Amino acid sequence: GENVEQHPSTLSVQEGDSAVIKCTYSDSASNYFPWYKQELGKGPQLIIDIRSNVGEKKDQRIAVTLNKTAKHFSLHITETQPEDSAVYFCAATPSGYSTLTFGKGTMLLVSP
Amino acid sequence: KAGVTQTPRYLIKTRGQQVTLSCSPISGHRSVSWYQQTPGQGLQFLFEYFSETQRNKGNFPGRFSGRQFSNSRSEMNVSTLELGDSALYLCASTFGGPGELFFGEGSRLTVL
C-alpha cells in the first residue's frame, strides 16, 4: 500500500518568515495530494490540494508543489502569522478521495 | 450549514469492554469515513461507507466494525477493547466523489 513520509516533525519560525514542509510517497499510482491543518481540539481541515496533472497550485499565502518523477510534494507558507501555528498533515491516495494515507504530521510554531 | 457531528466527544472504558461511536455527516453527504489518530501512528484509515455499503477498509482487526444507516449517519464499534485502542476517532464526510473530506472534531476514547 501507499506510504507517506513527512518532514520535519516540528518547525519553528518567526512571524513573517516562510515555512516549508516536505512529503514523499511510495505509490506511483497516487493521484491526489491534499494538505490538512489541525488546530488543538479540532478535526483536520483541508487547506489546499493538488492533483497529479498539476505541478503547482497557489492560494494566497499557501502553495503546494508536486514532483511526480521524484514522488514528492511540498507545502509552502509565506509571511507566516501566529494563527498559522498548528499541526499540518500531508496525504496521498491512489484509489479514492476518502481513503487517504497521511504523513505523521508537522507541528508548526510561529513566534511573534 | 452544520458540520460533521461526532458523539460522544469523550469517553473512558476499561479493557474488554466494547464501545460505539456515532457520526452525523454534513447534510447531503453520502460517504462517511473513519480514521484513528494516535501520537505514534498518526492518522490511519479505518473504513469508508457509501450508501450503507462498506466501500473501503483499512488494515485494522475485525474488532473494529462500522455501519451506515439510510440517512447516512454512521456508527463504528470496537469490541474487546485493548489499551492500544486509546485514540482520537475521527469521522469525515464527503459527497462520495472527488472532493474535500470534512472532518468532525472526533471522539476521544481512553481505555484503562
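What counts, and where the lines are drawn
- Residues numbered from 1 in each chain as written.
- Chains lettered and ligands numbered in written order.
- Predicted model: local features only at pLDDT ≥ 70, side-chain atom pairs only at ≥ 80, totals over all residues.
- Heavy atoms only, no water.
- Helix = DSSP H or I, 4+ residues; strand = E, 2+ residues; numbered from the N terminus.
- Buried < 20%, exposed > 50% of the residue type's maximum accessible area, 1.4 Å probe, protein only.
- Contact = heavy atoms within 4.5 Å.
- Areas by Shrake-Rupley, 256 points an atom, 1.4 Å probe, with all protein chains shown as cover.
- Lys, Arg positive; Asp, Glu negative; His and termini not counted.
- Charge placed at Lys NZ, Arg CZ, Asp CG, Glu CD.
- Pairing = 2+ DSSP bridges.
- Buried area = accessible area lost by both parts, 1.4 Å probe.
- Salt bridge = Lys/Arg side-chain N within 4 Å of Asp/Glu carboxyl O.
- Polar contact = N/O pair within 3.5 Å; in protein donor to acceptor, adjacent residues only side chain to side chain.
- Nonpolar A, V, L, I, M, F, W, Y, C, P; charged D, E, K, R; others polar.
- Axes fitted to C-alpha atoms, helices over the stretch in contact; angles between N-to-C directions.

Here we come to the overall build of chain A. Within chain A, the regular secondary structure consists of zero helices and 11 strands. In sequence order, chain A lays out its α and β elements as β-β-β-β-β-β-β-β-β-β-β. Overall, chain A is about 40 × 30 × 20 Å in size when its C-alpha atoms are taken along their principal axes. Relative to its 112 residues, chain A shows a buried fraction of 45%. In chain A, the share of contacts with a sequence separation of at least 24, taken over all contacts with a separation of at least 6, comes to 54%. On chain A, roughly 5400 Å² of surface is accessible, and the fraction owed to carbon and sulfur atoms is 48%. In chain A, which carries 10 positive and 12 negative side-chain charges, the distance between the mean positions of the two groups comes to 5 Å.

Before going further, it helps to spend a moment on the pairing of strand β1 (residues 4–7) of chain A. Residues and elements named next belong to chain A. Alternating residues of β1 divide into Val4 and Gln6, all buried, and Glu5 and His7, none buried. Here β1 pairs with strand β3 (residues 19–25) via four bridges, running antiparallel. Pairing of Val4 across the sheet is with Tyr25, part of β3.

With respect to the helices, strands and loops of the structure, B:Phe103 is situated in strand β10 (residues 102–103). Judged by its relative accessible area of 11%, B:Phe103 is buried. Separated by 78 residues in the primary sequence, B:Phe103 and B:Pro25 place their C-alpha atoms 8.9 Å from one another. Residue contacts for B:Phe103: discarding those within four places in its chain leaves A:Tyr36, A:Gly43, A:Pro44, A:Phe102, B:Val4, B:Tyr35, B:Leu90, B:Cys91 and B:Ala92.

At the interface, 23 residues of chain B touch 16 residues of chain A. Together chain B and chain A conceal approximately 1500 Å² of surface at their shared face, both sides included; 56% is due to carbon and sulfur atoms. If you look at where chain B meets chain A, you find zero salt bridges. At the boundary of chain B and chain A, one finds four residue pairs in polar contact (both at pLDDT 80 or more). Those elements giving two or more residues to the side of chain B that touches chain A turn out to be β4 (31–38), β5 (42–50) and β9 (87–94) of chain B. Partitioned by chemical class, the residues of the side of chain B that touches chain A number eight nonpolar, 11 polar and four charged.

Residue and element names in this part refer to chain B. Taken in spatial order, the four strands make up an open sheet running β1-β3-β8-β7, and their pairing is antiparallel. Either end of the sheet is taken by a strand with one partner, and the two such strands are β1 (5–7) and β7 (64–68). Between one strand axis and the next, the sheet turns through 20° on average, direction left out of account. Here β1 runs beside strand β3 (residues 19–24); their pairing, made up of three bridges, is antiparallel. Within β3, the residue paired with Thr5 across the bridge is Ser24.

With that settled, consider the sheet that holds β3(A). Residue and element names in this part refer to chain A. Here five strands make up an open sheet; going across it, the order is β1-β3-β8-β7-β6 and the pairing antiparallel. Looking at strand neighbours, the two that pair on one side only are β1 and β6 (56–59), the edges of this open sheet. The average undirected angle you get between the axes of adjacent strands in this sheet is 15°.

Take it as geometry only, folks, not as evidence of what the structure does.
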